[in-house]
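Here are the chains, one letter per residue:
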Amino acid sequence: MSGGDGGKDGRRPLTKLVQAGRKAEWTGMPGQPGAIVNPPVWRASTILYDDVAHLRSAAGASTHERLFYGRKGTPTAWSLADALTEMEPGAEGTMLFPSGVAAIACALMAVLKPGDHLLMADSAYDPTRNFCEQMLRPLGIETVYYDPTIGARIADRITGSTRAIFLESPGSLTFEVQDIPAITTIARERGIVTLLDNTWATPLFFPALSHGVDISILACTKYIVGHSDVMMGSVTATPALFPAIRRSAYLFGQMTSPDDAWLASRGLRTLGVRLRQHQDSALTVANWLADQPDVARVLHPALPSCPGHDIWRRDFTGSSGLFSFVLQGGDEQARAALIDGLAHFGIGYSWGGFESLALPVDPARHRTATRWQAEGPVVRLNIGLEDPADLIADLDQGLARFRAVRG
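The sections below set out a description of the structure shown in this document.

Rules used throughout
- Residues numbered from 1 in each chain as written.
- Predicted model: local features only at pLDDT ≥ 70, side-chain atom pairs only at ≥ 80, totals over all residues.
- Heavy atoms only, no water.
- Pairing = 2+ DSSP bridges.
- Helix = DSSP H or I, 4+ residues; strand = E, 2+ residues; numbered from the N terminus.
- Axes fitted to C-alpha atoms, helices over the stretch in contact; angles between N-to-C directions.
- Contact = heavy atoms within 4.5 Å.
- Left-handed = near helix turned anticlockwise from the far one by under 90°.
- Parallel < 35°, antiparallel > 145°, perpendicular 65-115°, else oblique.
- Expected span 1.5 Å × (residues − 1).
- Buried < 20%, exposed > 50% of the residue type's maximum accessible area, 1.4 Å probe, protein only.
- Lys, Arg positive; Asp, Glu negative; His and termini not counted.
- Salt bridge = Lys/Arg side-chain N within 4 Å of Asp/Glu carboxyl O.
- Disulfide = S-S within 2.5 Å.

Read from one edge to the other, the open sheet built from four strands follows the order β8-β9-β11-β10, with strand pairing classed as antiparallel. In this open sheet, the two edge strands, each paired with only one partner strand, are β8 (295-299) and β10 (357-361). In this sheet, adjacent strand axes meet at a mean angle of 25 degrees when their direction is disregarded. The strands touched by helix α13 (residues 332-340) within the sheet are β9 (322-327), β10 and β11 (378-382), with β10 carrying the most contacts at an inclination of about 170 degrees.

Okay, the packing of helix α4 (residues 75-86) against helix α10 (residues 258-269) next. Two elements in contact, α4 and α10, have axes separated by 8 Å at closest approach and are oriented at 35 degrees. Here α4 runs over α10; the crossing is left-handed. Facing α4, whose interface residues are Thr76, Ala77, Ser79, Leu80, Ala83 and Leu84, α10 presents Pro258, Ala261, Trp262, Ala264, Ser265, Leu268 and Arg269.

What follows deals with the packing of helix α5 (residues 100-111) against helix α6 (residues 126-136). Relative orientation of the contacting elements α5 and α6 amounts to 45 degrees, with a least axis distance of 10 Å. What the angle tells us is that α5 and α6 run oblique. Judged by the twist between their axes, the crossing of α5 over α6 is right-handed. On α6, the residues that touch Val101, Ile104, Ala105, Leu108 and Met109 of α5 are Pro127, Thr128, Phe131 and Leu136.

For α4, which comprises twelve residues, the first-to-last C-alpha distance of 16 Å matches the rise-based estimate of 16 Å (1.5 Å per residue) to within 8%. For α4, the tally of buried residues reaches eleven of twelve residues, placing the bulk of the element in the interior. All of the buried residues in α4 are Pro75, Thr76, Ala77, Trp78, Ser79, Leu80, Ala81, Asp82, Ala83, Leu84 and Thr85. Packing partners of the buried residues in α4 comprise α2 (24-27), β1 (93-97), β6 (215-218), β7 (233-237) and α10.

Structurally, lysine 72 can be placed in the loop between α3 (52-59) and α4. One buried charged side chain, lysine 72, makes no salt bridge at all; its nearest oppositely charged neighbour is glutamate 65, positioned 14 Å away. When sequence neighbours within four positions are dropped, the list of residues in contact with lysine 72 reads Thr63, Trp78 and Tyr250.

Mapping cysteine 132 onto the fold places it in helix α6. Residue cysteine 132 is classed as buried on the basis of its relative accessible area of 0%. C-alpha separation for the pair cysteine 132 and methionine 120, spaced twelve residues apart in sequence, amounts to 8.9 Å.

Read from one edge of the open sheet, seven strands run β1-β7-β6-β5-β4-β2-β3, paired in mixed fashion. One side of each edge strand has no neighbouring strand; the edge strands of this open sheet are β1 and β3 (142-146). For this sheet the average axis-to-axis angle between neighbouring strands, irrespective of direction, equals 20 degrees. The sheet contact formed by β1 and β7 spans five bridges and is antiparallel. Pairing of phenylalanine 97 across the sheet is with glycine 233, part of β7. In the packing of α5 onto the sheet, the strands contacted are β1, β2 (117-121), β4 (162-168), β5 (193-197), β6 and β7, and the crossing angle to β6 comes to about 160 degrees. Its contacts with the sheet put helix α7 (residues 180-190) on β4 and β5, and the angle it makes with β4 is roughly 170 degrees.

On to the state of the cysteines. Tallied over the full model, the rule gives zero disulfides. Cysteine cysteine 132 remains unbridged, with the sulfur of cysteine 106 as its closest cysteine sulfur at 14 Å.

A side chain with one charge may pair with a side chain of the opposite charge, provided their charged atoms come close. Summed over all chains, the structure comprises 17 salt bridges. When the shortest N-O distance is used, the salt bridge between glutamate 65 and lysine 23 registers 3.3 Å. Residue glutamate 65 is found in the loop between α3 and α4, and its partner lysine 23 is found in the loop between α1 (13-19) and α2; the two are separated by 42 residues along the sequence. Take lysine 23: its relative accessible area is 28%, and that puts it in the partly exposed class. With its nearest N and O atoms 3.0 Å apart, the salt bridge here joins arginine 367 to glutamate 176. On the criterion of sequence distance, the pair formed by arginine 367 in the loop between β10 and β11 and glutamate 176 in the loop between β4 and α7 is long-range, its members being 191 residues apart. By relative accessible area, arginine 367 is classed as buried at 13%. Classification of glutamate 176 by relative accessible area gives buried; the value is 8%. Overlapping salt bridges, with partners in common, bring together Glu332, Arg335, Asp362 and Arg365 in one network.

Function cannot be read off these values alone, since they describe shape.
Here it is, written out as structure tokens:
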């Protein structure tokens, strides 16, 4: 894992993870010497004013990072948002949301209106597709899905009403890596907004705005929080688009609780060391799986056999702990036998936490622009912080059960 180059202030990303969002006015007490390390939890709904004139003046001023009403946030949330903004060079600001899906939905609503045309990666997260079909389409916003490996050929899919292009790289089920610089270059030439679900890599492994993306979206529930105990999303945007993101969030009443923001801030400080371990353990497990005769393919961007590996190697500074593998033959019953008996993997949605997870996934159900074909069922793994030798032994026994049922 690379720490990347220092920014304009000379600080490298790992240093920013420790220092960002800790402004003196959020960590010190007025009139008191010294400061605490972490901004405290500021819980508030009502904010009190000295008099009517004070209230009137506050209502007429910008409420960004200013106490106004609890829905507009307190220093606890502002600290986290500020830290996430610092992780994306070129960003103007970040808004926080109660989930990753809420962040995606609000970002899309901020840049689209009836009559607009949205290009959506065919490998996108299923709830993202659901929002497009069940919310955007009835509003008169057309979504057209495209092959995630299309690269510069995205130009052929753009129409006069195309307003935005949504990317997810790598895709969270099949892990195709998109040529983001090629797509964003064309989008900027045409005045089209680009949005990226950057949850897998985080800004630590892929600073999205530096690669031409306008809006970077995270399901902070995953790696930012890192402990499987908070739901949260974030949207970080360029100076040109952040005002629209902020306006959309305020109009939809989107916010996060200060307690959740505090937990996410705590998780952010250890993101670097956690991702290093997730990366190393996942590569150990992925390389072992690639050598197993019962495994047809391993879908991990850091492996040369994975679609888009060359682009990943060019653009990314590391890989995280989420990947899939395709079984050699078998059916749902055989796949279930593998997963059900695992001792060190939980069965559940989400990922990015300290615990390993195994999930049956069926990519063909979620494709319209491309066709998913595979040698057998697919299993997605979240490799947590356990010893990879234990995880490999567990999977070895699981593959034995798979063989027994497959016959």
